[in-house]
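A look at the structure
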Amino acid sequence: AEDEVTLFERDMKEFWIQFKISYGTEQNNQTSALRDLCKETLEALAEKWSKKLKEEDVTIDKIHEYNNEILQQSKYIAEKEEQLTEIKSKLNQEQEQQKNLTDSIQELKQELMKKMEIKSSKNKAAKEKLEQVSKIKALFKEHLALEMRRIPDEQLQFIFRHIDHKDPDKPYVCNLSINEQGDYEVTSCTPPLDCIAELQLKLRETNNFSAFVANIRKAFTALSYK
């Protein structure tokens, strides 16, 4: 703004210099030429400053336009930063969920392995018990008139004979299995024995299978005299 004022003052000085020169050297010339010169000079100045003002208006408009564009860009950047923050937050949540899922899967795997080990141990124990029963099967049959056989649902059936002195071939039957906990369990007894629960509990506590069979035979024998 200061430079423009300086230019204006310089233009006015040049105008007055030309006016004085023209007035001093051509004082006697016609006044109309001086008026024309003044008019032309004023028109030139008016056109020059009008052009400058228009250029300044255009410059101001461009500045406003740039400011608006910068403002819009700033808003756009702020929106994108907010979206990026949300995406990062969701990504962190997904990563945390993935970690939790991985941990849960690992825990389930470990729990499954433990259950499989327990099951394998129980199966091994059950197999050993069945083998023990098989080994003494022949002995029982020979000395106690006892027949043992495997029946459906992984059960052992004990058929006692020579119990009833009136009918030595009459069968007395007891079915035995091994439950999910790996314990002996009497599933049926014909004829029923009142003491069967007590005998089953004693077998679980002592794991003495031979004594269990002998006690069952004694109970059937006692029942046959009633």
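Notes on the structure follow.

Cut-offs used in this document
Residues numbered from 1 in each chain as written. Predicted model: local features only at pLDDT ≥ 70, side-chain atom pairs only at ≥ 80, totals over all residues. Heavy atoms only, no water. Helix = DSSP H or I, 4+ residues; strand = E, 2+ residues; numbered from the N terminus. Expected span 1.5 Å × (residues − 1). Buried < 20%, exposed > 50% of the residue type's maximum accessible area, 1.4 Å probe, protein only. Arc of directions from axis to C-beta. Polar contact = N/O pair within 3.5 Å; in protein donor to acceptor, adjacent residues only side chain to side chain. Contact = heavy atoms within 4.5 Å. Salt bridge = Lys/Arg side-chain N within 4 Å of Asp/Glu carboxyl O. Pairing = 2+ DSSP bridges.

Focus on helix α5 (residues 209-224)
The first and last C-alpha atoms of α5 sit 23 Å apart over 16 residues, in line with the 22 Å expected at 1.5 Å per residue. Buried within α5 are the following residues: Phe 209, Phe 212, Val 213, Ile 216, Arg 217, Ala 219, Phe 220 and Ser 224. Buried residues in α5, looked at end-on, bunch into an arc of 160°, giving them a common side. In this structure Asn 208 caps α5, since a side-chain oxygen of it lies 3.5 Å from the backbone nitrogen of Ser 210.

Focus on the side chain of Gln 200
Checked against the element boundaries, Gln 200 lands in helix α4 (residues 196-206). Taking relative accessible area as the criterion, Gln 200 reaches 16% and is therefore assigned buried. Among the polar contacts made by the side chain of Gln 200, one reaches the main-chain amide nitrogen of Val 186 at a distance of 2.7 Å. When sequence neighbours within four positions are dropped, the list of residues in contact with Gln 200 reads Tyr 184, Glu 185, Val 186 and Phe 212.

Here we look at α4
Within α4 the residues assigned to the buried category are Ile 196, Leu 199, Gln 200 and Leu 203. Buried residues in α4, looked at end-on, bunch into an arc of 100°, giving them a common side. Away from its buried face by more than 90 degrees, α4 exposes Ala 197, Glu 198 and Glu 205. Buried-residue contacts for α4 involve β3 (172-178), β4 (184-190) and α5. Of the residues one or two after α4, Asn 207 is the one with positive phi, at around 60°.

Some thoughts on the pattern of salt bridges
Applying the stated criterion across every chain yields a total of three salt bridges. Between Lys 115 and Glu 111 there is a salt bridge, with its nearest N and O atoms 3.5 Å apart. Here Lys 115 and its partner Glu 111 are both found in helix α2 (residues 31-135), four residues apart, which amounts to about one turn of the helix. Given a relative accessible area of 40%, Glu 111 falls into the partly exposed group. Two residues, Glu 154 and Arg 150, come together in a salt bridge whose shortest N-O distance is 3.4 Å. Taking the relative accessible area as the measure of exposure, Arg 150 reaches 52% and is therefore exposed.

Details of the pairing of strand β2 (residues 155-160)
Within β2, six of the six residues are buried, leaving the element largely enclosed by the surrounding structure. Here strand β1 (residues 146-151) pairs with β2 via six bridges, running antiparallel. When the bridges of β2 are listed, Met 148 appears paired with Phe 158. Counting the residues between successive antiparallel strands, the hairpin from β1 to β2 contains three residues, one of them, Asp 153, with a positive phi of roughly 65°. Of the pairings in the sheet, the one linking β2 to β3 comprises six bridges and is antiparallel in character. Note that in β3 the partner of Ile 159 across the bridge is Val 173.

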